[in-house]
Amino acid sequence: MKKTVKYILKRIKSNKKNALILGGLALIFSFLIFAGIFISYSLKKGIDNTAKRLGADVMLVPKGAKENAENLMLTGQRSTFYFDSSNYEKIKSVEGIKEITAQCFLKSLSADCCTTEVEIVFFDKDTDFMISPWIENKYKDNLGKNEVIVGYGIDIDGDSIKLFGDDYKVVAQMAKTGTSLDSSVYFSLDSKKELIDKALKKGSFLTEEQVKEDLISTIFLNVDKESSTGEILNECHKKIGDSFDVIYPKELNQSFIENLYIIKKIIGNSVIIGGLILFLILLLTEHLTIWNRRKEVALMRILGNKKKSIIKALLGENLLVGLAGTFTGIFIGSLILIPFSNWLGILLKMPYLGPDLAEYFIIIAAIFVFMSVVIYIASIFSIVSVTNLEPYRALRREA
């Protein structure tokens, strides 16, 4: 085995130009496939993950804030929009509402815990059904004023974080969402005034609306099976007038999934077309490369090497070079895609959740198997046709 590998490496060294061409094509081919699979899989995983935890039939937001609120539901991008918290209290009494909860957002405040700004979210701890599904380990005690829930991307110092000069105990951390929710810190609604005072003392800029205690950003509600959404919304209009816009998170997500499939189709078709072109180039390159080595093959035959051993040597050479190119392509793809996953999600304006370690290695293994088959198919016919030439005839042609 060692002798075979040494021989193959020696042959590669003596045919550097051919090796560079084949390795370069394999690098481009594998990079294209890896990037296509990685991005498509991450988008699908991000949206599937979000869909499982949407948790609300209806979302009520202030009039004119619908577009910003949709961005919140789909990508986690926070915005500052508010209406009076009395709306929440009035709607609570509407019959047919199974669950109802409220949240209030403070967009991007600087905090001691993080190098970047964090999103501050206040929620009703007693009625919440939107945040708890994201928490992998449920907290047992009621959320106190000096306790917080943090997003996946927040760095924790032991079991606490420092915000605006004070330490807060972290009672739970959310699962990864692939959105800006990962950089959010969650407080109970009754701690809003105290936190805003601390933020102002530390020099954080807050608008006149943000410092008001009696404002919320959104109301989420689930409708009882016996009631219709239309009836509930009519009752809400009677209670609080036309001061709100309505969003249907589950329908919004369905529309989003349809758009995702279009994007995935474009990415998939691009990979297939690019792959076919590269495969044809690889096939032609291999044919020309092997054909130009017919003198070398003829001399090997004259020296007593069997056809089978020559085919194995040439095929082994191509596979080794091709798989080295494949490894390099995947490595470059990983260096580009993995560190910038969050940026890609923001750029695409979609939940973007990269594969975990096991899924990542499954993708790599599948690409290696696929590239091995492609290189084998691209090489074998040319190698067999050249080794089948009569040695003296091949030498005469070379001469």
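Residues numbered from 1 in each chain as written. Predicted model: local features only at pLDDT ≥ 70, side-chain atom pairs only at ≥ 80, totals over all residues. Heavy atoms only, no water.

Colleague: In this structure, what is going on with the overall build of the chain? I would like to understand it.
Modeller: Looking only at helices and strands, one finds twelve helices and eleven strands in the chain. Burial analysis of the chain (399 residues in total) assigns 48% to the buried set. Long-range pairs, those at least 24 residues apart, make up 79% of the contacts in the chain with a sequence separation of at least 6. On the chain, roughly 20800 Å² of surface is accessible, and the fraction owed to carbon and sulfur atoms is 58%. (Helix = DSSP H or I, 4+ residues; strand = E, 2+ residues; numbered from the N terminus. Buried < 20%, exposed > 50% of the residue type's maximum accessible area, 1.4 Å probe, protein only. Contact = heavy atoms within 4.5 Å. Areas by Shrake-Rupley, 256 points an atom, 1.4 Å probe, with all protein chains shown as cover.)

Colleague: Help me understand the packing of helix α9 (residues 307-337) against helix α11 (residues 357-387), please; the structure alone is not making it clear to me.
Modeller: Think of two packed helices as two axes; the pair is described by the angle between the axes and how far apart they sit. Put simply, α9 and α11 touch, their axes get as near as 8 Å, and they point 145° apart. The chirality of how α9 crosses α11 is right-handed. Class assignment for the residues of the contact of α9 with α11 results in 18 nonpolar, seven polar and one charged. (Axes fitted to C-alpha atoms, helices over the stretch in contact; angles between N-to-C directions. Left-handed = near helix turned anticlockwise from the far one by under 90°. Nonpolar A, V, L, I, M, F, W, Y, C, P; charged D, E, K, R; others polar.)

Colleague: What am I meant to see in the pairing of strand β8 (residues 184-188) here?
Modeller: It is a general feature of regular strands that their side chains alternate between the two faces of the sheet. Counting buried residues in β8 gives five out of five residues, a clear majority hidden from the surface. In β8, alternate side chains face the same way, and those of S184, Y186 and S188 on one face and V185 and F187 on the other are all buried. Where strand β4 (residues 118-123) and β8 come together, five bridges link them in parallel fashion. Across the sheet, V121 pairs through a bridge with Y186, a residue of β8. Sheet analysis places strand β5 (residues 147-150) next to β8, joined by two bridges and oriented antiparallel. Within β8, the residue paired with V150 across the bridge is V185. (Pairing = 2+ DSSP bridges.)

Colleague: Any chance you could explain helix α6 (residues 229-240) here in plain terms?
Modeller: Helical geometry: 3.6 residues make up each α-helical turn, so side chains three or four residues apart lie on a common side. The terminal C-alpha atoms of α6, which comprises twelve residues, lie 16 Å apart, in line with the 16 Å expected from a rise of 1.5 Å per residue. With its phi angle positive at about 75°, G241 sits one or two positions after the end of α6. (Expected span 1.5 Å × (residues − 1).)

Colleague: Can you help me understand the pairing of strand β1 (residues 58-62) in this one?
Modeller: With five of five residues buried, β1 is to be regarded as a mostly interior element. When β1 meets strand β10 (residues 218-223), the two strands line up antiparallel, connected through three bridges. Paired with V58 across the two strands is L221, which belongs to β10. In this sheet, strand β11 (residues 244-247) lies alongside β1 in antiparallel orientation, the contact comprising four bridges. Looking at the pairing, L60 lines up with V246 of β11.

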